[in-house]
Amino acid sequence: MIVLVINAGSSSVKFTCFDLKGAPQVLAGGLIERIGIEGTAMKYTNAKGDVVKGEVPVKDAQEAVRLIAQRLVDPQVGVLKALGEVKAIGHRVVHGGESITDPVLIDAKVKATIRDCFSIAPLHNPPNLTGIEACEAVFPGVPNVGVFDTAFHSTMPPSSYLYALPYDLYTEHKIRRYGFHGTSHAFVSRKAAEILGRKPADCKVIVCHLGNGGSVSAVSGGKCLDTSMGLTPLEGLIMGTRCGDIDPAIVWNVMKIKKLDLDGIDAFLNKKSGLLGMGGVNSSDLRDIEAGAQSGNQQCVQAMEAYAYRVKKYIGAYLATLGGADAVAFTAGVGENSASMRALILKGLDGIGLKLDLAKNQERSDQARFVSTADSPIKIAVIPTDEEREIATQTLAVVNRGR
Ligand code: AMP
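What counts as what
Residues numbered from 1 in each chain as written. Predicted model: local features only at pLDDT ≥ 70, side-chain atom pairs only at ≥ 80, totals over all residues. Heavy atoms only, no water. Near = heavy atom within 4 Å. Polar contact = N/O pair within 3.5 Å; in protein donor to acceptor, adjacent residues only side chain to side chain. Areas by Shrake-Rupley, 256 points an atom, 1.4 Å probe, with all protein chains shown as cover. Helix = DSSP H or I, 4+ residues; strand = E, 2+ residues; numbered from the N terminus. Nonpolar A, V, L, I, M, F, W, Y, C, P; charged D, E, K, R; others polar. Pairing = 2+ DSSP bridges. Salt bridge = Lys/Arg side-chain N within 4 Å of Asp/Glu carboxyl O. Buried < 20%, exposed > 50% of the residue type's maximum accessible area, 1.4 Å probe, protein only. Phe/Tyr/Trp six-rings, centres within 6.5 Å; stacked < 30°, edge-to-face > 60°. Lys NZ or Arg CZ within 6 Å of the ring centre and 35° of its normal. Contact = heavy atoms within 4.5 Å. Core = buried A, V, L, I, M, F, W, Y, C linked by side-chain atoms within 4.5 Å. Axes fitted to C-alpha atoms, helices over the stretch in contact; angles between N-to-C directions. Parallel < 35°, antiparallel > 145°, perpendicular 65-115°, else oblique. Left-handed = near helix turned anticlockwise from the far one by under 90°. Disulfide = S-S within 2.5 Å.

Requested: an account of the site of the ligand, with residues and values cited.
The local shell around the ligand consists of Gly211, Asn212, Asp285, Leu286, Arg287, Glu290, Ala332, Gly333, Val334, Asn337 and Ser338. Take Arg287: an N or O atom from its side chain is 3.5 Å from a nitrogen atom of the ligand. Interatomic distance of 2.9 Å between a backbone N/O atom of Gly333 and an oxygen atom of the ligand. Considered on its own, the ligand offers 500 Å² of accessible surface; in the complex 71% of this is hidden by protein. For the shell around the ligand, the secondary-structure elements that each account for two or more residues are α10 (286-294) and α12 (332-337). The element best represented in the shell around the ligand is α12, accounting for four residues. When its residues are assigned to classes, the shell around the ligand shows three nonpolar, five polar and three charged.

Give me the lowdown on the sheet that holds strand β8 (residues 144-148), citing residues and values where you can.
The eight strands lie next to each other as β5-β4-β3-β2-β1-β6-β8-β7, forming an open sheet whose pairing is mixed. What marks the edges here is a single partner per strand, and that holds for β5 (51-55) and β7 (104-105). Pairing between strand β2 (residues 12-19) and strand β3 (residues 25-33): eight bridges, direction antiparallel. Within β3, the residue paired with Ser12 across the bridge is Glu33.

Quick one: what's the story with the pattern of salt bridges, residue by residue and with numbers?
Pairing of side chains with opposite charge becomes possible as their charged atoms draw close. All chains considered together, the criterion is met by 16 salt bridges. Among the salt bridges present, the one from Arg389 reaches Asp386, with a minimum N-O distance of 3.0 Å. A residue is classified by how much of its surface remains accessible, and Arg389, at 27% relative accessible area, is partly exposed. Owing to a relative accessible area of 23%, Asp386 belongs among the partly exposed residues under this scheme.

Tell me about the packing of aromatic side chains, and please be specific about residues and values.
Remark: the centre distance and the inter-plane angle together describe each pair of aromatic rings, the angle taken between the planes. In this structure the tally under the stated criterion is four aromatic pairs. Counting every residue linked through ring pairs, the aromatic cluster contains Tyr161, Tyr167 and Tyr170. Its guanidinium or amino end placed over the ring of Tyr178, Arg176 lies 4.8 Å from that ring's centre, counting from NZ or CZ.

Tell me about the environment of Ser228, residues and numbers included.
Considering the arrangement of structural elements, one finds Ser228 in the loop between β11 (223-227) and α7 (249-258). For the pair formed by Ser228 and Leu322, sequence separation is 94 residues and the distance between their alpha carbons is 14 Å. Ignoring sequence-local partners within four residues, the contact set of Ser228 consists of Arg177, Gly214, Ser215, Val216, Glu235, Gly236, Leu237, Tyr314 and Tyr318. A polar atom in the side chain of Ser228 sits 2.9 Å from the backbone nitrogen of Val216.

So what about the nonpolar core? Which residues, and what values?
In terms of nonpolar packing, the biggest core is built from 36 residues, with Ile206, Cys208, Leu210, Ile315 and Phe330 touching the most fellow members. When contributions to this core are tallied by element, the ones reaching two or more residues are β9 (204-210), β10 (214-220), α10, α11 (298-322), β12 (327-331), α13 (339-346) and β14 (379-382). If one sorts the elements of this core by residue count, α11 sits on top with eleven residues. Once you skip the residues sitting within four places of it in the chain, Ile315 turns out to touch Ile206, Cys208, Val328, Phe330, Ile345 and Leu354. Grouped together as the second largest cluster of nonpolar side chains are 31 residues, Leu4, Ala61, Val65 and Ile89 included.

Can you lay out the packing of helix α1 (residues 61-72) against helix α3 (residues 125-138) for me, pointing to particular residues and giving the numbers?
Between α1 and α3, the shortest axis-to-axis distance is 8 Å and the interhelical angle comes to 50°. On the basis of their axis angle, the class for α1 and α3 is oblique. The two elements α1 and α3 cross, and the hand of that crossing is right-handed. Counting all contacts with α1, which are made through Ala61, Gln62, Val65, Arg66 and Ala69, the residues of α3 involved are Thr130, Ala134, Cys135, Ala137 and Val138. Considering only residue class, the contact of α1 with α3 consists of seven nonpolar, two polar and one charged.

Report on the state of the cysteines, specifying residues and quantitative values.
The tally for this structure, following the rule as stated, stands at zero disulfides. Between Cys17, a free cysteine, and Cys135, which holds the nearest cysteine sulfur, the sulfur-to-sulfur gap is 12 Å. You can see Cys300 has no disulfide; the closest cysteine sulfur is in Cys243, sitting 19 Å from it. Judged by relative accessible area, which is 0%, Cys300 ranks as buried.

What follows is the structure, encoded as structure tokens:
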């Protein structure tokens, strides 16, 4: 069973082609970036190790999907005999609002819901929908499935998702916490249960998804009870370029100081803040901040400590939400790779049951593993996330259910 996974952004389309006959296998994957801009480039890799890279003229998402389709059946580097082998296409969609709580087969109603969320996800939902429509044109008759970043968090209770604002903002305008990175939180919390040797239904897990964007979630019995991102991905942790939690009054103060309009403050908090704004080394990449800190740059030291402290606060809060936990799991670019950031976050938490094994924490591996001491009451796990695989698996489940 061949499933194609598409992640369509504002100027890029990422793709992964899976064979899901047995254990999921990646047949090919890659990326087309700078779509519609000068210097559009494509990278395509297949499981045999062939790599095709180079500039290609691609003006929009439909051309991009057409090119991906051509590569997949290319006599030299292709992995399929015919496009008819593709049984379903799974799409990463960021915002599904309140009504979409599971992966769904895309129809006119689902597309209308994606469109309804344009105003709260203006950077993501429009290109996600364009990607879906491109696939409908290039792969006619093939079912498209939407796997929504917000869906996993739909189990949050009102005490987690309501903001302390006049209630009509929720009832009339759907202003509430939604949460994001749901596909990763779902995959990692399930994997944590697996390595604990327990059923997800019997586990309490705190998932720290620390990448360029970052969010923490509290998962009990496989269901999300709270998460740090909010109406949009801006809330919560300190991220690469996003500020995370701030006093809302900072918004109008900064607008006055920097003479910004609404779009200006939106870009300022989403694109110029976080590690990029705090670190002072003109980079949102934690590796650069770590290098700065190692060479004695105090601004970098402070940025790392503030980043770690924010994660620590959420771990503490979610231990209270869950009434204790079986595991705290780290994932994504920072969570999987930065042993020093994990150590900084967990420093001083032995007393509440999180005992990091410093030697294990330093070991590198692409496998899900524990980095806590054998007697740690709460296990600490590092779990490589695989959102594409999760989207493919969920897509297959939806298509099979529809039969
Ligand atoms: P992601 O969004 O999950 O792809 O994560 C990307 C981010 O992970 C980058 O911006 C880096 O800040 C961070 N990252 C990746 N590798 C490392 C590493 N070895 N050490 C520290 N941070 C890393």
